[in-house]
Amino acid sequence: MRTGAENLYRATSNNRVRETVALELSYVNSNLQLLKEELEELSGGVDPGRHGSEAVTVPMIPLGLKETKELDWSTPLKELISVHFGEDGASYEAEIRELEALRQAMRTPSRNESGLELLTAYYNQLCFLDARFLTPARSLGLFFHWYDSLTGVPAQQRALAFEKGSVLFNIGALHTQIGARQDRSCAEGACHAMEAFQRAAGAFSLLRENFSHAPSPDMSAASLCALEQLMMAQAQECVFEGLSPPASMAPRDCLAQLRLAQEAAQVAAEYRLVHRTMAQPPVHDYVPVSWTALVHVKAEYFCSLAHYHVAMALCDSSPATEGELPTHEQVFLQPPTSSKPRGPVLPQELEERRQLGKAHLKRAILGQEEALRLHALCRVLREVDLLRTVVSQTLQRSLAKYAELDREDDFCEAAEAPDIQPKTHQKPEARMPRLSQGKGPDIFHRLGPLSVFSAKNRWRLVGPVHLTRGEGGFGLTLRGDSPVLIAAVIPGSQAAAAGLKEGDYIVSVNGQPCRWWRHAEVVTELKAAGEAGASLQVVSLLPSSRLPSLGDRRPVLLGPRGLLRSQREHGCKTPASTWANPRPLLNWSRKAQQGKTGGCPQPCAPVKPAPPSSSKHPGWP
C-alpha cells in the first residue's frame, strides 16, 4: 500500500491528489510506528508506565525512527577505488559487504544502548566515507531514500549529507524511545530518562544548527526546533518526577510542598511553550494531532498539580517559622494591579490557611477536569488509558481533600488563588549525543591514511625503486608516521639518483605495504637491508585540479566537517588534506533563522577552520 501511494505521490502533479496521498502515507506511517513499538514492548517484556511500583507516571512522547530503503554501495565504490586510488575495486568486496551489512543492521536497531552504538557506528563510517571518497565536485552517484518520521512522505537526494543527517535524526529519536521506556517512578529511572531526553534535544539541536534546505518536513528547522523544545519539556517533567514521591509518602514539610508546586509550575510553563509552537504553521501541519493534544493536557495537568501542592502546604504540612518561609513574590506571580509587597507567602492563622487552601484546590480541580476534557476530545488519546488513570487519580485526591476542608456553615466566598511562580532547582540543558561511543576503525583503512589517500588528493605511484646504501647512507631524511614522509634528499646521493624527491611518501618497503607503519618501523626495515639495499615504492602528490564526477552533483547540504560544529569540542583531530579547502560546504541559513521564537538557541556562525593537523586518524566531517 505504501509503495503504491509513494509512486502516485511522485508521479502526480495535482496538488489535491498529493495532499490526499500524503495524508494516507502519514496514516500508514503512524500505524507502522505503533506496531513497531508494540512489538518492541512484547519482545522486551516492558510495559511503559507500569513497572510494578506504586506510582503511575504520565506517558511520554517518543519519536518514530526514519525508515530507508536498501542501498547498493558496490558499483560506485569499486569504480572510485579503481579510477582514483588505482587499486582493484574487486579486492575490496569484503569491506563493501561489511559496510552494507552495517547499514542493513542500523535500519532496525534495538531500542537500547546497543541500538545507539549501532547507529553511531554507521554514522562514523559515513564520516569516514565523506572524508575519503567525496569532494566538492564529486558525489557517489547514489540516491539515498528516506521516509519522513512525522508524515511518512518519501524523500531522496544524492548528497551523502542527507544520509548522515537522517542517521543523526534517528540517533535523537532512539534516545526519545529509550527515555520513554524508563521506570520514572523511582529517582534513578527519572534521572536516566532525563538524560535520554537531553541527548535527544542535543541531537536535534545539532542537526538544526548545521542542516539547511531539508528535503523532508521532520528535518526542517521549524520541526527540529519544536522537537527540541518537546524533549526539554519532557526532561523538565523528569526533574519533577525525581522529586515527587508516591502519594502515600508525600512530604509533610511546608517548604518541600512549595518546592514541588514551583517545579510543577515550571513543567507546565515548558509544555505551554511547546503547545504554542506546535499549534502554529508549519509545525502544525506536520506534527500528529495527538501530540499537540497530549502537550495541552500536560500543561493543564501540571498547572493543576502546582495548585494542589500549594494547598497541601497550606493545609496538610507542619507549620514552619516565619523566617523559614519564602516571600509571596518568590512563590506567586503578582497580579498586574498589585505593586505592594505581600510579605510572607503563607498566612499563619489556621482559618486563613484553610480558606486559601480551598481556593488553590478549586483551581487544581478545575485544571484536572479541563485536562480530562481535552483528553476525551482526542480520539487517539482516548485509547491511552494510562493518561486518563493518572489525571483521574489526582482529581480524586483533590476532590477528597476539598470535601475534607469544606464546611456546611462556610458561607464566605473563597479568595482567588494567585498563579504560581515557575522555578526549578535543576534546569535541563541539551547534551550532545555520544557520537564517539560507536567509533571503530575505518572500514576502508587498507586504502591508506586519510591525510594522503583520499579523493581530495591526487598522487602518482613511483617504483619499485631499488635503493643501495652509499658511504653516507641512503641519502634521505625521514619524518612522520603513517605514512612516513621523505623530508629531505641529499643532492648527489643514492636516493637522488634513484629519483626520490622531497615530499614523497613511502608506501612499500621490500614488497611490504607500509602505509600505516610508524617512523621507527620503516627505519628498522631500511637498516636491516644491509649492502643489498632496499626496494621502495613511493607516491608523489600532484597539484590539485578539478576531478570528474561519478554522478550528477546536487547542492551539498552537509559537506565535510559540516555536521559537527567544532572538532576540538569532540576531541577529534583532522588530517591536513581535510582542511585543504577552508570554505565550508554547509548551507548556513543564518538570515532565515534570525528572530525565531520558541526558546531554541540561535545557530552559531561557522567556526573558522583550524590549521592543518598531522594526525593519522580521520577527523569528523
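Residues numbered from 1 in each chain as written. Predicted model: local features only at pLDDT ≥ 70, side-chain atom pairs only at ≥ 80, totals over all residues. Heavy atoms only, no water.

Participant: Hey, could you run me through the overall build of the protein chain in this one?
Facilitator: On a plain count of helices and strands, the protein chain comes out with 18 helices and 8 strands. Expressed as a percentage of the 621 residues in the protein chain, the buried residues total 52%. Within the protein chain, contacts between residues at least 6 apart in sequence are counted, and of these 78% link residues at least 24 apart. Element-wise, carbon and sulfur atoms account for 53% of the exposed surface of the protein chain, whose accessible area totals about 28,400 Å². (Helix = DSSP H or I, 4+ residues; strand = E, 2+ residues; numbered from the N terminus. Buried < 20%, exposed > 50% of the residue type's maximum accessible area, 1.4 Å probe, protein only. Contact = heavy atoms within 4.5 Å. Areas by Shrake-Rupley, 256 points an atom, 1.4 Å probe, with all protein chains shown as cover.)

Participant: So what exactly am I meant to see when it comes to the packing of aromatic side chains here?
Facilitator: Within a pair of aromatic rings, the relevant descriptors are the distance that separates the centres and the angle that separates the planes. On inspection of all chains with the given rule, the structure shows 10 aromatic pairs. Look at Y271 and F302: their rings are 6.3 Å apart centre to centre, the planes differ by 20°, and that puts the pair in the stacked class. Separated by 31 residues along the polypeptide, Y271 in helix α9 (residues 254-278) and F302 in helix α11 (residues 289-315) bring together distant segments of the chain. An identical accessibility class is assigned to Y271 and F302; each is buried. Measuring from centroid to centroid gives 5.3 Å for F453 and W459, while their planes differ by 80°, and the two rings are edge-to-face. You'll find F453 and W459 in the same group, each marked buried. Aromatic rings pair up to connect F85, Y92, F133, F444, F453 and W459 into one cluster. Over the aromatic face of F169 sits the side chain of K66, whose NZ or CZ is 5.8 Å from the ring centroid. R515 extends its terminal NZ or CZ atom over the ring of F453, reaching a point 4.2 Å from the ring centre. (Phe/Tyr/Trp six-rings, centres within 6.5 Å; stacked < 30°, edge-to-face > 60°. Lys NZ or Arg CZ within 6 Å of the ring centre and 35° of its normal.)

Participant: Explain the nonpolar core to me, please; I cannot follow it from the model alone.
Facilitator: In a soluble, globular protein the nonpolar side chains are often hidden away together inside. Counting residues in each nonpolar core, the largest one holds 112 residues, and the members touching the most others are W73, F133 and F444. Top contributing element to this core by residue count: α11, with 14 residues. L478, V484, V489 and C514 belong to the second largest nonpolar core, which has 21 residues in total. (Core = buried A, V, L, I, M, F, W, Y, C linked by side-chain atoms within 4.5 Å.)

Participant: Looking at this structure, how should I read the environment of T120?
Facilitator: Its place among the elements puts T120 in helix α5 (residues 113-133). Classification of T120 by relative accessible area gives buried; the value is 2%. In sequence terms T120 and M106 are 14 residues apart; their C-alpha atoms lie 9.1 Å from each other. Polar contacts involving the side chain of T120 include one to the main-chain carbonyl oxygen of E117, which spans 3.0 Å. (Polar contact = N/O pair within 3.5 Å; in protein donor to acceptor, adjacent residues only side chain to side chain.)

Participant: Explanation requested: the environment of P215 in the structure shown.
Facilitator: For P215, the position within the fold is in the loop between α7 (187-210) and α8 (221-243). Here the alpha-carbon distance between P215 and Q157, two residues 58 residues apart in the chain, equals 7.9 Å.

Participant: Would you explain the packing of helix α3 (residues 74-83) against helix α4 (residues 93-106) in this entry?
Facilitator: Angle between the axes and distance between the axes: these two values describe a pair of packed helices. Between α3 and α4, the shortest axis-to-axis distance is 11 Å and the interhelical angle comes to 145°. Read as a crossing pair, α3 and α4 show a hand that is right-handed. Residues S74, L77 and K78 of α3 form the contact with α4, whose participating residues are E93, I96, L99 and E100. (Axes fitted to C-alpha atoms, helices over the stretch in contact; angles between N-to-C directions. Left-handed = near helix turned anticlockwise from the far one by under 90°.)

Participant: So what exactly am I meant to see when it comes to the packing of α11 against helix α13 (residues 350-377) here?
Facilitator: With their axes 8 Å apart at the nearest point, α11 and α13 run at an angle of 160° to one another. With respect to their mutual orientation, α11 and α13 come out roughly antiparallel. Once α11 is placed against α13, the crossing between them reads as left-handed. (Parallel < 35°, antiparallel > 145°, perpendicular 65-115°, else oblique.)

Participant: Help me understand unusual backbone geometry in this model?
Facilitator: The phi angle of most residues is negative, glycine excepted, and most peptide bonds adopt the trans form. A cis amide bond, omega 5°, links P281 with the succeeding residue P282. Tracing the backbone shows P282 in the loop between α9 and α10 (283-286). With an omega of -5°, the peptide bond running from S482 to P483 counts as cis. With respect to the helices and strands, P483 occurs in the loop between β4 (476-479) and β5 (484-489). Positive phi values are uncommon outside glycine, yet S482 reaches one of about 45°. Topologically, S482 is positioned in the loop between β4 and β5. A positive phi angle, close to 55°, is found at N510, a residue other than glycine. If you trace the backbone, N510 turns up in the loop between β6 (505-509) and β7 (512-513).

Participant: What exactly am I supposed to notice about α5 here?
Facilitator: An α-helix turns once per 3.6 residues; consequently, residues spaced three or four apart project the same way. Counted at 1.5 Å a residue, the expected span for α5 with its 21 residues is 30 Å, and the 30 Å between its end C-alpha atoms agrees. The element α5 is largely enclosed, with a buried count of 17 among its 21 residues. (Expected span 1.5 Å × (residues − 1).)

Participant: Can you help me understand helix α15 (residues 385-405) in this one?
Facilitator: End to end, α15 covers 30 Å across 21 residues, agreeing with the expected 30 Å (1.5 Å per residue, within 8%). Restricting attention to buried positions, one finds in α15 the residues L386, L387, V390, V391, T394, L395, S398, K401 and L405. Contact partners of the buried residues in α15: α11, α13 and α14 (379-382).

Participant: Any chance you could explain the confidence of the model for the protein chain here in plain terms?
Facilitator: Reading predicted coordinates in detail is not appropriate for stretches of low pLDDT. Averaged over all residues, the pLDDT of the protein chain is 77; the fraction at 70 or higher stands at 71%. Of all secondary-structure elements in the protein chain, the lowest mean pLDDT belongs to helix α18 (residues 590-593), at 38, while α8 reaches the highest, 95. Ignoring residues within four places in sequence, the model shows residues 545-599, a span with pLDDT below 50, making 150 contacts including any to other chains. (pLDDT = per-residue confidence, 0-100.)

Participant: When you look at the environment of L260 in this model, what are you seeing that I'm missing?
Facilitator: Along the polypeptide, L260 turns up in helix α9. Judged by relative accessible area, L260 falls into the buried class, the value being 4%. Between the C-alpha atoms of L260 and H307, which are 47 residues apart in sequence, the distance is 9.9 Å.

Participant: Any chance you could explain the pattern of salt bridges here in plain terms?
Facilitator: Between side chains of opposite charge, a pair can form when the charged atoms approach closely. Under the criterion given, the structure shown has 19 salt bridges. Put simply, R515 and E87 hold a salt bridge, and the shortest N to O gap is 3.4 Å. Here R515, found in the loop between β7 and α17 (519-527), pairs with E87, found in the loop between α3 and α4; they are 428 residues apart in sequence, far enough to count as distant. Salt bridges here are not isolated pairs; linked through shared partners, they connect E195, R199, R431 and R434. (Salt bridge = Lys/Arg side-chain N within 4 Å of Asp/Glu carboxyl O.)

Participant: Would you mind showing me how to read the pairing of strand β1 (residues 144-147) here?
Facilitator: Side chains of β1 alternate between two faces, with F144 and W146 and H145 and Y147 buried alike. Pairing of β1 with strand β2 (residues 154-157), which is carried by 4 bridges, proceeds in the antiparallel orientation. Its bridge partner being in β2, Y147 is matched across the sheet by P154. Taken together, β1 and the strand that follows it, β2, pair antiparallel across an intervening segment of 6 residues, in which G152 is found at a positive phi of about 80°. (Pairing = 2+ DSSP bridges.)

Participant: In this structure, what is going on with the state of the cysteines? I would like to understand it.
Facilitator: In protein structure, a disulfide is the covalent linkage between the sulfur atoms of two cysteines. Counted according to the given criterion, the structure contains 0 disulfides. Here C238 is not cross-linked by a disulfide; its sulfur's nearest cysteine counterpart is in C191, at 9.2 Å. (Disulfide = S-S within 2.5 Å.)

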